[in-house]
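Notes for the structure review
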Number of protein chains: 4
Amino acid sequence: MDQAVKTASPFLLSPDDPLNDLRMSAKAMPLYEHVKRFIVEVVNPMSAKYEELGKNRHGADRWQYAPGQLDLLEGAKAEAKKQGLWNFFLPDAETGEGLSNLDYAYIASELGKNPMASECMNCSAPDTGNMEVLERVGTPAQKERWLKPLLNGEIRSAYAMTELHHASSDAKNVATKAELIGDEWVINGEKHYISGAGSPRCKILITMVRTSPDAPPHKQQSMILVPKDTPGVEIVGAQHVFAEDHAPHGHMHIRFNNVRVPKDNMLLGEGRGFEISQVRLGPGRIHHCMRSIGAAEKALDLMVKRGVSREAFGKKLAWLGGNVEIISRARIEIEAMRLMVLKAAKAMDVLGNREARIWVHMVKAMIPEQVCKIIDQAIQMHGALGVSQHTPLAHMYAQQRTLRLADGPDEVHHLVVGRSEIQRMEGNMDDASMLQVFRN
Amino acid sequence: MDQAVKTASPFLLSPDDPLNDLRMSAKAMPLYEHVKRFIVEVVNPMSAKYEELGKNRHGADRWQYAPGQLDLLEGAKAEAKKQGLWNFFLPDAETGEGLSNLDYAYIASELGKNPMASECMNCSAPDTGNMEVLERVGTPAQKERWLKPLLNGEIRSAYAMTELHHASSDAKNVATKAELIGDEWVINGEKHYISGAGSPRCKILITMVRTSPDAPPHKQQSMILVPKDTPGVEIVGAQHVFAEDHAPHGHMHIRFNNVRVPKDNMLLGEGRGFEISQVRLGPGRIHHCMRSIGAAEKALDLMVKRGVSREAFGKKLAWLGGNVEIISRARIEIEAMRLMVLKAAKAMDVLGNREARIWVHMVKAMIPEQVCKIIDQAIQMHGALGVSQHTPLAHMYAQQRTLRLADGPDEVHHLVVGRSEIQRMEGNMDDASMLQVFRN
Amino acid sequence: MDQAVKTASPFLLSPDDPLNDLRMSAKAMPLYEHVKRFIVEVVNPMSAKYEELGKNRHGADRWQYAPGQLDLLEGAKAEAKKQGLWNFFLPDAETGEGLSNLDYAYIASELGKNPMASECMNCSAPDTGNMEVLERVGTPAQKERWLKPLLNGEIRSAYAMTELHHASSDAKNVATKAELIGDEWVINGEKHYISGAGSPRCKILITMVRTSPDAPPHKQQSMILVPKDTPGVEIVGAQHVFAEDHAPHGHMHIRFNNVRVPKDNMLLGEGRGFEISQVRLGPGRIHHCMRSIGAAEKALDLMVKRGVSREAFGKKLAWLGGNVEIISRARIEIEAMRLMVLKAAKAMDVLGNREARIWVHMVKAMIPEQVCKIIDQAIQMHGALGVSQHTPLAHMYAQQRTLRLADGPDEVHHLVVGRSEIQRMEGNMDDASMLQVFRN
Amino acid sequence: MDQAVKTASPFLLSPDDPLNDLRMSAKAMPLYEHVKRFIVEVVNPMSAKYEELGKNRHGADRWQYAPGQLDLLEGAKAEAKKQGLWNFFLPDAETGEGLSNLDYAYIASELGKNPMASECMNCSAPDTGNMEVLERVGTPAQKERWLKPLLNGEIRSAYAMTELHHASSDAKNVATKAELIGDEWVINGEKHYISGAGSPRCKILITMVRTSPDAPPHKQQSMILVPKDTPGVEIVGAQHVFAEDHAPHGHMHIRFNNVRVPKDNMLLGEGRGFEISQVRLGPGRIHHCMRSIGAAEKALDLMVKRGVSREAFGKKLAWLGGNVEIISRARIEIEAMRLMVLKAAKAMDVLGNREARIWVHMVKAMIPEQVCKIIDQAIQMHGALGVSQHTPLAHMYAQQRTLRLADGPDEVHHLVVGRSEIQRMEGNMDDASMLQVFRN
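Residues numbered from 1 in each chain as written. Chains lettered and ligands numbered in written order. Predicted model: local features only at pLDDT ≥ 70, side-chain atom pairs only at ≥ 80, totals over all residues.

Focus: the overall build of chain A
Threshold: Put simply, DSSP marks the helices as runs of H or I at least four residues long and the strands as runs of E at least two long, and each gets a number from the N terminus on. As a reference, a globule follows 2.2 Å times the number of residues to the power 0.38, and the radius of gyration itself is taken over C-alpha atoms. Neighbour density around each residue's C-beta defines its exposure: 20 or more other C-beta atoms within 10 Å make it buried, 12 or fewer make it exposed, and counts between make it partly exposed, where C-beta atoms are placed from the backbone. The contact rule is simple: place each C-beta atom from the backbone, and if two of them lie within 7 Å, those residues are in contact.
Within chain A, the secondary structure is distributed over 13 helices and 9 strands. Whereas a compact globule of 440 residues would reach a radius of gyration of roughly 22 Å, chain A reaches 23 Å, a difference of no more than 12%. Here chain A holds 440 residues, and 57% of them are scored as buried. A separation threshold of at least 6 residues defines the contact pool for chain A, and within that pool the share at least 24 residues apart is 72%.

Next up, the structure:
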């Protein structure tokens, strides 16, 4: 029984633990309010005009910006920089605001409400993760060449990880290989779903390759900087997401045909690719999940709005059949998800990415699936309009559905969470490490 | 208790009822085999070529067929006509094969396996329903003018029912109005999701209008034949379905701006629009559902295929985690749905569309929702490829998801089914009518 | 694609297959009608009185019948025998009616409506399976000694299979052992959940034992007839089912302490226990499932009745919130389950138990889980009364919930069904055996 | 859009709000630790002995304690009182510890781990609610007569609210009536599911009656103190809960036959019964939900333990099929529920019961349903043992299932939550009141 009591409550070892304080810091509140204001005052009007410019371009090259679009975007970015809303994603860094993950999580849920908001403030994926990587492991020369223009918002970047023919949830599956020939790495292989690589503004690909086939499984991979215009980098096409190509951003299919880059383009060192990839994972997943909650809020908002503005059989839709309960369940689920992602963010702040990883897996397994369900119900409330281009719902669904596959499919996250419960019971973890992992 | 026994089993009053014989008729078997063969030998190779011609047409008018496409399609149609595989959808008619709904249901599940199969044999929606309407209620002149070329596959048609601003699950909500001015009906209003109206080959719109605002609710609507090229018929654009526009077929948004058609274009008579719409509903919903089962079979097939051809963590995906159970549940659900749709088809054969309507509502409420779930699981098994253009799954999902909204959203069908159970208990139905509705 | 088509449709190879004719035979209809009448006229009044006699017996030995109860039961049995409603469960046998599984399935769903109906007509589990076993594999002496009084309804029997300490879904796990010492088998071990063994009328235990530890896994087990009053047979107690002990029937925990029975009590021969157990499985599972559908019908009936007879917030419960849809889904699910179990029964008739086994696994995996859900919703509609002794719902729930664990838990049935899909795709089954297994 | 933004986020108006600090207070931590220690050191050994004494009492009066049981219980109570662990449930009161709802929520989850823990520390339902009512609205004489012995743990009490023939989720449905005749209230009516009223130690029933049929709906009810031994108080019997009678505590069916009590037994005043009932609701529901989370923890603990200690098909159960994912989902759900109930408790502390009521409805709608699901999965992992008396799971399931009906069925709570979302959108609430309700 003692054993039972001990193992039953690892998630709540001490109720007064700082992990249970989910308040935003006083320090970050002004920034949070500022970002909200900036989205309403600057981003929303800009993005409406931007979208308008993108319409009715039949026959145009979808992989170039429409005339005037870039001016709008750069204008908003300049304004953001002027107002000091720039690069605040960078944690604990000279270059950033030093926001905690918890503080950033609150802000990310606001950023999730307009798809252009992040980029206006230079806080958009995949650049955030890439900048973080460069900042932590880049050499001074690498920083000067790539981090600086990224931090200035002059160029964009992509992260070339996923491969077509191998389950990328298993990092050891990297097949794209790089061989050192003379002073150059010669890269051959094929990647796909490389988000953002379609844009003419994307200049650099942080590329995961296999350099050391004879090393232990987690030491075989390396990360190399590959300028997108290097000869041999072939953009095969764009992978669609529920029929959307997301041009000009794009999720590109890329072949590396004898691509040669200088030896110095290696990040950190041979065989350290897997190690670097861990840097990106935690915060990125949390940011995605927090934006997902913004999406769920929007879907619930649209669902209720439609429900009170449309009638059938003499009643408002919202009051028909099971709709009140559907709305109630969506609200409950959203609040539960929000608390979970805030707790995961706080866990990262207090315990560090590694020790908090179970929390990150939990929210990644939980949130996109639930948000898909809520958006789906909002679609149903809208009838055929719900799947059309006249509401944002179909697009939102496609995005959240894709999140259930990106950064590890749901199943892998459940495997990690379930395994940790089982192994704890099996006693494979000693009390000390258990306390570390599950502390609070 | 007696009461309980009686009311508990309306669906199974007599176990030897013909409704429980779900075998295809011996008469229809050769046609069924022929259709299957034709799809493999003619349709599949043709559609592969057709699709190829449609690729890489950047800048071309998506609302025209690509060069060569129509030749391919017409070739297959000619071959089908030659082989006698033509118009067999028409029930109990001189012009058709006189297939029962049950026989047709079996064939429809084969047609569901290639999206072009139906059109090759002149059995595709919405023309099937439109031809059935014309055949039953058209005047000789209307038949000569529109039914004949439709039966010959020379033109196509659309059914203009759904309105933008009113819940179309409530048929009384028709707002598009037609006024008799002199010898002409003058039509004003707005319709959307008019499937097939985008094609240059679509020539006629069977249009639901409000002609008699002072009549009782179900006598206010009429159906009128509107040639698509009539002045005032404005194609506003195409409604998307999860970012697909289905060009050149399309789901069009149409405005009727003082559109004038001759008085004789009225079908059957003023105020009889609702009555005509009932003719279309039963069989059409069954056909959709049977094709949905074909889609579910295909999704399960792809799911298992992927599951046995891809490995992660040293095991085939199919054997990982809960995947075996997911596959099992999909198979069980498919067989249950198949039996239900066959039973509904048989009920229509034995009882007639009206008396069998609860069965039709049951399958329409049950099947698209379940098939969406199965396709979604197939997507998950494929990882990112599942949402891409490289598997048919995202497209299939979009189609089935849309079916949950078309021909009445799920909720309306559940309302009818649940209400019939409640009213039976409340005694609002006498035993005789109860027997009729639920006989078997 | 050919491959896809072939492997995608194994469940529907030929639409005119007799497997799709789910009608009861004309021959069986009079029996079916007779059974229904007998339940209403004889069983229902008798069981009401029987139940009354069982009340308020505080302090009495629950494991004996209450005074008068046995007289009532025997009276009904005598009447059934007189009317010729006796032992009709036995398939294709001189002693029985020669009902097909399909015919019996229809009748079983009627038997499911009163828990005493089966016993009145000598068709109740576990005796049916035990009689079938004895009839097929018993020696003349064994038949004379045990089958005859069972067929006459003079005694009852139990089937001692499940063991406390081993997963019984894996038949190889039998630990109770029997050793041949001289002319006697000496049995030692422990069984539990031996249904019916609590009754003073239960005289014989068909007991699965391990006799041949060195044989191949499926040849190690044997079945032996153990009279309940043999010295060493210790009834340890009754296993509860959601706090019910089902006295005096009971689900008994039994220890075998050096229990000695004559060598001739072995059934069929050493090492053939597993083979015999297969005889019991198919039909028994089908009968359970068909009775489950009777239970679901009853639950839906009670749910709707309560829904129309109780008001809250000025409306009948049935019309509040999502209740109409809950009722609709229950009806749809019931019809789908009914068709599935009929199809499984027919498959057993046409293909034989072995070839039809996937169908049996499918219905066993599908039905109890769904019926639990429907009963649970009926409970919810009744408020606190739903869990009380004043409706039959809590008892029904407990029974169906237990069925999800008996005769193999849901998971094992899903494993078999999913595995057959996967192996078919993997090509482990050749076309001929595939056709056999999945024919229809 | 502004409107959308404003209405979409009422649950997160200010991230630095104290509502987001879910830490237990430093002040309460020693009590929390003390309670945990007391349960392990005193309650667990005592309850094991207590349970043992209750076994094998065939023929005994189940509505009396077994010999020795009360001594054990009173011994533990005396020890708790001595250690100062007494009555700490009382919020902000001289008599209690002044624990906040949040602090108490943490402690309640520990109390939930042993069903006798609460009573040992005089913190068990329904007495807690009753004492709170007496403390707040009782006259000095009423307090002296009933509150004092309750606070001392000398007697117990019941709360007679629910009626047999009326939906008690609608408080206006009270039919039991009390008429003032001379100096006495004369009470007639029928109540059921009066928990705790079976115990010989229960001395007083706080009874909801209808006194003022002509007043507005919420002013018709009153609460009256009815000593259980008053002539005319007839205990009809015990309502079962999934076949359990919970004797001697019991959920009693009680008739009031011309029961006469002095005029002074009225609480607070005529027509104020509904008002008093609100006092009880908030904290009680939260305590139930927090104990439910303790139950879910225990179920998960048992599920995993069984999963690692039993094998089938050569593998530990926990690793078979979808079990890892089931375990993962249970853990995620538990953490999400825990955070929700902590937040609801904190909301009550910061906003008051009335303003925080949506949070209370949310957790009451969310938690018992989910906990039922987790316990059900634990049952499945245990096979037949899961429904037997040899694991606590069937009993736990029955309790949680009943919670879905008690204090308002799930549907009513969803109705309140969904309605608040809809009304907010409809603008029926002004911003100020919205802020109050949803503040944080």
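Observations regarding the interface of chain D and chain A
To be explicit about the condition: Polarity classes work like this: nonpolar for Ala, Val, Leu, Ile, Met, Phe, Trp, Tyr, Cys and Pro, charged for Asp, Glu, Lys and Arg, and polar for all others, with Gly in that last group.
Taken residue by residue, the interface counts 55 residues in chain D and 55 residues in chain A. Elements supplying a minimum of two residues to the side of chain D that touches chain A: α1 (2-8), α2 (29-53), α8 (273-309), α9 (323-351), α10 (357-382) and α12 (410-426) of chain D. No other element matches α9 of chain D, which puts 13 residues into the side of chain D that touches chain A. By residue class, the composition of the side of chain D that touches chain A is 30 nonpolar, 8 polar and 17 charged.

Side note on the environment of I204 of chain B
Residues and elements named next belong to chain B. Take I204: it is sitting in strand β4 (residues 202-210). For the pair formed by I204 and G294, sequence separation is 90 residues and the distance between their alpha carbons is 30 Å. Not counting residues within four places of it along the chain, the set of residues in contact with I204 comprises W146, S157, L225, P227 and K228.

Describing the interface of chain D and chain C
The partner chain C presents 32 residues to the 33 residues of chain D that form the contact. Listing elements by their share of the side of chain D that touches chain C, those giving two or more residues are α11 (393-403) and α12 of chain D. Of the residues forming the side of chain D that touches chain C, the biggest block, 5 residues, is contributed by α11 of chain D. Each residue belonging to the side of chain D that touches chain C can be placed in one class, and the counts come to 14 nonpolar, 13 polar and 6 charged.

Some words on the packing of α10 of chain D against α11 of chain D
Residue and element names in this part refer to chain D. Our working rule: The axes used here are C-alpha line fits, helices contributing only the stretch in contact, and every angle between their N-to-C directions lies in the interval 0 to 180 degrees. For classification, angles of less than 35 degrees are called roughly parallel, those exceeding 145 degrees roughly antiparallel, those between 65 and 115 degrees roughly perpendicular, and all remaining angles oblique. By convention, the crossing between two helices is left-handed when the near helix turns anticlockwise from the far helix through less than a right angle, and right-handed when the turn is clockwise.
One can describe the packing of α10 onto α11 by two numbers: an axis separation of 9 Å at closest approach and a directional angle of 160 degrees. Between α10 and α11, the angle is such that the two are roughly antiparallel. Our pair here, α10 against α11, has a crossing hand that is left-handed. Between α10 and α11, the residues in contact are P368, V371, C372, I375, D376, A378, I379 and H382 and L393, M396, Y397, Q400, R401 and L403, respectively.

Considerations on the domain arrangement of chain A
Residues and elements named next belong to chain A. Operational definition: The source of the domain bounds is an automatic or database domain assignment.
Under the domain assignment, chain A is made up of domain 1 (29-126 + 134-151), domain 2 (156-267) and domain 3 (275-438). The distance between the C-alpha centroids of domain 1 and domain 2 comes to 24 Å. Each side of the interface is counted separately: domain 1 has 11 residues, and domain 2 has 14 residues. Across the side of domain 1 that touches domain 2, the residue classes tally to 7 nonpolar, 3 polar and 1 charged.

Some thoughts on the pairing of strand β7 (residues 251-262) of chain C
Residue and element names in this part refer to chain C. The following threshold applies: Strands pair, by our definition, only if DSSP identifies at least two bridges between them.
Pairing of strand β3 (residues 184-195) with β7 involves 9 bridges; the strand directions are antiparallel. Within β7, the residue paired with K191 across the bridge is I254. One ladder, built from 5 bridges, connects strand β6 (residues 233-238) with β7; its direction is antiparallel. For E234, the partnering residue across the bridge sits in β7 and is R255.

Description of the relation of the copies chain D and chain C
Under the convention used in this document: Here the copies are superposed with least squares, the fitted atoms being C-alpha atoms of residues at a pLDDT of at least 70 in both.
Superposing chain D onto chain C requires a rotation of 180 degrees together with a translation of 0.0 Å along the rotation axis, leaving an RMSD of 0.1 Å. Considering both components of the superposition, the chain copies are consistent with a two-fold axis. Taken together, the interface assignments show that 97% of the residues at the interface of chain D recur at the interface of chain C, consistent with an identical surface on both copies.

Some details on the relation of the copies chain D and chain A
When chain D is brought onto chain A, the operation consists of a screw motion whose angular component is 180 degrees and whose axial shift is 0.0 Å, with 0.1 Å RMSD remaining. In this assembly, 100% of the residues forming the interface of chain D have copies in chain A that are likewise at the interface, indicating an isologous arrangement.

A closer look at the nonpolar core
Going by this rule: We call a set of buried Ala, Val, Leu, Ile, Met, Phe, Trp, Tyr and Cys residues a nonpolar core when their C-beta atoms link them within 7 Å.
Core analysis: the largest hydrophobic core is formed by 540 residues, its most contacted members being V341 of chain A, V341 of chain B, V341 of chain C together with V341 of chain D. The contacts of V341 of chain A, once residues within four sequence positions are left out, are A105, I286, C289, M290, I293, V363 and I367 of chain A.

Here we look at the packing of helix α4 (residues 101-111) of chain A against helix α9 (residues 323-351) of chain A
All names here are of chain A. Following both chains from N to C, one finds α4 and α9 inclined at 150 degrees, their axes separated by 7 Å at the closest point. The pairing of α4 with α9 is recorded here as roughly antiparallel in orientation. Side by side, α4 and α9 meet where N101, L102 and A105 of the first sit next to V341, L342, A345, K346, M348 and D349 of the second. Split by residue class, the contact of α4 with α9 holds 6 nonpolar, 1 polar and 2 charged.

Quick look at the confidence of the model for chain A
Residues and elements named next belong to chain A. Threshold: How sure the predictor is of each residue is captured by pLDDT, a score from 0 to 100.
Chain-level pLDDT for chain A is 88 on average; 90% of the residues reach the 70-or-more range. Predicted confidence for residues 1-10 stays below pLDDT 50, and this span has 14 contacts to residues more than four positions away or in other chains. Under the prediction, the complex receives an ipTM of 0.90, its pTM being 0.92.

Here's the deal with helix α4 (residues 101-111) of chain C
Counted residue by residue, α4 of chain C has 11 buried out of 11 residues, so it is predominantly covered. Those residues of α4 of chain C that fall on the buried side of the exposure criterion are N101, L102, D103, Y104, A105, Y106, I107, A108, S109, E110 and L111 of chain C.

Focus: the pairing of strand β3 (residues 184-195) of chain B
Side chains on a regular strand alternate between the two faces of the sheet. All names here are of chain B. Alignment of strand β2 (residues 177-181) against β3, held across 5 bridges, turns out to be antiparallel. Across the sheet, K177 pairs through a bridge with N188, a residue of β3. Linking β2 to β3, which pair antiparallel, is a turn of 2 residues; within it G182 sits at a positive phi near 65 degrees.

Quick notes on the environment of A76 of chain B
All names here are of chain B. If you trace the backbone, A76 turns up in helix α3 (residues 69-83). Given 22 C-beta atoms within 10 Å, A76 falls into the buried group. Along the backbone, A76 and A117 are 41 residues apart, and their C-alpha atoms lie at a distance of 9.5 Å. Those residues in contact with A76 that sit more than four places away from it in its chain are V42, V43, M46 and C120.

Examining unusual backbone geometry
For residues besides glycine, phi is generally negative; the peptide bonds are generally trans as well. With an omega of 0 degrees, the peptide bond between A125 of chain B and P126 of chain B qualifies as cis. Here P126 of chain B shows up in the loop between α5 (117-120) and α6 (127-137). In this model, N87 of chain D sits at a positive phi of 60 degrees, which is unusual for a non-glycine residue. Even without being glycine, N122 of chain D reaches a positive phi, approximately 55 degrees. Mapped onto the secondary structure, N122 of chain D falls in the loop between α5 (117-120) and α6 (127-137). Residue N122 of chain D is classed as buried on the basis of its C-beta count, with 23 C-beta atoms lying within 10 Å.

A few points about the environment of S47 of chain B
The residue S47 of chain B is located in helix α2 (residues 29-54) in this model. Not counting chain neighbours up to four residues away, the residues in contact with S47 of chain B comprise N114 and M116 of chain B.

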